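# Working through the structure, step by step
Residue-level listing of the chains:
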Amino acid sequence: MLRVLHVENWKSFHDPVDFTMIAGRERCHNDSLFPDGKARVLPVSAIYGANAAGKSALLDAVQLLQELVAEPRARGRRLPYNPHKLYGVGKPTVLGVEIVLDVPDATSNRDAIVYYEVAYTAERVVSESLYRLRSVDEEAVFTRDERSVDLYGDLGENDFARAVARTVQGNGLLLEALANSEDQVDRIVAGVIQWFRRLAVIRRGARFVTIPQRISKDDDFRQVMATGLATADTGICDVLFTQVEREKIPVPDGMLDDFEAKLVGAGDEGLLAASSRQGAFFRVRRESSGEISYERLVARHRNGDRQFELPFDHESDGTIQYLNLLPVLYLVGREGSRGVFLVDELEDSLHPKLTEEFLRRFLSATGKNQRRQLIFTTHELHLLRSDLLRRDEIWLVEKRCHNSELIRLTDFSDKGVRDGADLTKIYMSGRIGGVPRI
């Protein structure tokens, strides 16, 4: 779970800001919180603000960390450096996360909490550190500056980690280098690597690239997708692959020939996506007879006793957006599933009631024994209700003098933002910020 995101000199955020998922003193919806020692961690957060205020930049920061941890960098390759253009060019960007791991803490009855941070410019990593946070103090796992890397505890006694530390490149993360062989590092480092791998980011206009693969291989997943779309009143009753002629696949013949050549044995199959058409996915399979079969992912619609099938690239933007979100509900509906889900503009192309229903279904799967979080940016006023969200789950991003600031709704109790207040009316009045100045 995410406890805190720290951002400094990143895009429109020049001054340091901390986005926290640690609950405040609110008394409502306490049964949805996750107890973490003396703190309580929130399951959701909604981020509001005017266009270009910096909402998406917060999600970008977490996604960038995920990419830096996952992707090796060639020597000399520039880092994705995007500082504040007025005040921060040439200064390091600083990104950090405080997270709860699926690793028991050796000194307490709770799971380990760590803080990972990296500061970097386009050319090099300036500093990198990982600390284990204990009840009364913190313990370094590793620290790094431009001159040296220091390893501590079990990691310091690990021959593999020491070898990696001596050879880590100036434009690469130590954590990424260790991730190449996570089975050879201690549980804390492996837990951080796993946290980033489970992180899911759904961007606006994202294509559901992995969903067809799951539909093809997992019938339970397919049924959940179909049920979810039916519940959303899309008219869809099923999702499936149906036979199609080779000529109907919008892929150049040469490319299709090369793809088919890779299907050597009977039962071999692969998926193709027509890059120019969102939702156009095809399954190509070599049958036991040696022949190649072709199938297209379609949605089956029902109207009374009549049915018809429609390719997903012919479906509405709202249907595609909801299909992108449904795997989140599938995962949180599974016993013991954990994860952090970041969604940019949750309501994109969705009816307000459908956005609300998605949020309610997510919240129904949260609680003291669950570790699931949904963090999303939005303009949807319909969600600004105390029966749905706590005040400490609502954030505003306000840009002043070309610098983005982050404000929690509970910071405005002196301006009438108290329990039971009409949050929509207060927000739209503009007196707490987060709206365009027109």
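Predicted model only: the values in this text are computed from it and were never measured. (Residues numbered from 1 in each chain as written. Predicted model: local features only at pLDDT ≥ 70, side-chain atom pairs only at ≥ 80, totals over all residues. Heavy atoms only, no water.)

Turning next to the overall build of the protein. Looking only at helices and strands, one finds eleven helices and 20 strands in the protein. On C-alpha atoms alone, the protein measures out to a radius of gyration of 24 Å, which is about the 22 Å that the 2.2 N^0.38 rule sets for 438 residues. Looking at the protein residue by residue over its 438 residues, the buried ones come to 54%. For the protein, contacts bridging at least 24 residues in sequence account for 63% of all contacts bridging at least 6. Of the roughly 20,400 Å² of accessible surface on the protein, a fraction of 47% belongs to carbon and sulfur atoms. Of the side chains in the protein, 60 bear a positive and 67 a negative charge, and the two mean positions are spaced by 3 Å. (Helix = DSSP H or I, 4+ residues; strand = E, 2+ residues; numbered from the N terminus. Rg over C-alpha atoms; globule rule 2.2 N^0.38 Å. Buried < 20%, exposed > 50% of the residue type's maximum accessible area, 1.4 Å probe, protein only. Contact = heavy atoms within 4.5 Å. Areas by Shrake-Rupley, 256 points an atom, 1.4 Å probe, with all protein chains shown as cover. Lys, Arg positive; Asp, Glu negative; His and termini not counted. Charge placed at Lys NZ, Arg CZ, Asp CG, Glu CD.)

Relative to the helices and strands, leucine 359 is located in helix α10 (residues 352-363). Owing to a relative accessible area of 0%, leucine 359 belongs among the buried residues under this scheme. Counting along the chain gives 133 residues from leucine 359 to alanine 226, while the straight-line C-alpha distance between them is 19 Å. When near neighbours in sequence (up to four residues on either side) are disregarded, leucine 359 contacts Val44, Leu374, Phe376, Leu383, Leu388 and Leu389.

Now for α10. Its twelve residues give α10 an end-to-end C-alpha distance of 17 Å, which sits within 8% of 16 Å, the value for a rise of 1.5 Å per residue. Every buried residue of α10 is accounted for by Leu354, Thr355, Glu356, Phe358, Leu359, Phe362 and Leu363. Next to the buried residues of α10 lie β5 (44-49), α9 (317-332), β17 (338-343) and β18 (371-377). (Expected span 1.5 Å × (residues − 1).)

It is worth spelling out the sheet that holds strand β6 (residues 93-104) at this point. Overall, antiparallel pairing links the seven strands, which are arranged β2-β1-β6-β7-β8-β9-β10 in an open sheet. Looking along the sheet, the strands with just one partner apiece sit at the ends: β2 (17-20) and β10 (149-151). Each strand axis lies, on average, 20 degrees off the axis of its neighbour in the sheet, ignoring direction. Summarising the sheet, β6 and strand β7 (residues 111-120) pair through nine bridges and their orientation is antiparallel. Of the residues in β7, the one forming a bridge with proline 104 is aspartate 111. Packed onto the sheet, helix α1 (residues 55-70) meets β1 (2-8), β6 and β7 and runs at close to 65 degrees relative to β6. (Pairing = 2+ DSSP bridges. Axes fitted to C-alpha atoms, helices over the stretch in contact; angles between N-to-C directions.)

Here we come to the packing of helix α7 (residues 219-231) against α9. Taken N-terminus to C-terminus, the directions of α7 and α9 make an angle of 130 degrees; their axes are 9 Å apart at the nearest point. As the angle between them shows, α7 and α9 are arranged oblique. When the axes of α7 and α9 are compared, the crossing they make is right-handed. Facing α7, whose interface residues are Asp220, Phe221, Val224, Met225, Gly228 and Leu229, α9 presents Thr319, Tyr322, Leu323, Leu326, Pro327 and Tyr330. (Parallel < 35°, antiparallel > 145°, perpendicular 65-115°, else oblique. Left-handed = near helix turned anticlockwise from the far one by under 90°.)

Structurally, glutamate 176 can be placed in helix α4 (residues 174-179). Look at glutamate 176: it is buried, it has no salt bridge, and the nearest opposite charge is arginine 73 at 8.0 Å. Once residues lying within four places of it in the same chain are set aside, the contact partners of glutamate 176 are Leu68, Val69, Glu71 and Pro72. (Salt bridge = Lys/Arg side-chain N within 4 Å of Asp/Glu carboxyl O.)

Before going further, it helps to examine helix α3 (residues 159-167). Regarding α3, the residues found buried are Ala161, Val164 and Ala165. Relative to the axis of α3, the buried residues are bounded by an arc of 100 degrees and lie together on one face. Opposite its buried face, α3 presents the exposed residues Asp159, Arg166 and Thr167, each directed more than 90 degrees away. Contacts from the buried residues of α3 go to β10, α2 (153-156) and α4. The opening residue of α3 is asparagine 158, an N-cap whose side-chain oxygen sits 2.9 Å from the backbone nitrogen of phenylalanine 160. (Arc of directions from axis to C-beta. Polar contact = N/O pair within 3.5 Å; in protein donor to acceptor, adjacent residues only side chain to side chain.)

Moving on, we come to the sheet that holds β17. With mixed pairing, six strands are arranged side by side in an open sheet as β11-β17-β18-β5-β19-β20. Each having just a single partner strand, β11 (200-202) and β20 (403-408) make up the two edges of the open sheet. Here the average twist between neighbouring strands, direction ignored, is 20 degrees. Both β11 and β17 contribute to a ladder of three bridges, which runs parallel. What sits directly across from isoleucine 202, in β17, is valine 343. Each of β11, β17 and β18 is contacted by α9, which is oriented at about 160 degrees to β17, the strand it contacts most. Of the strands in this sheet, β5, β17 and β18 touch α10, which is tilted by about 155 degrees from β18.

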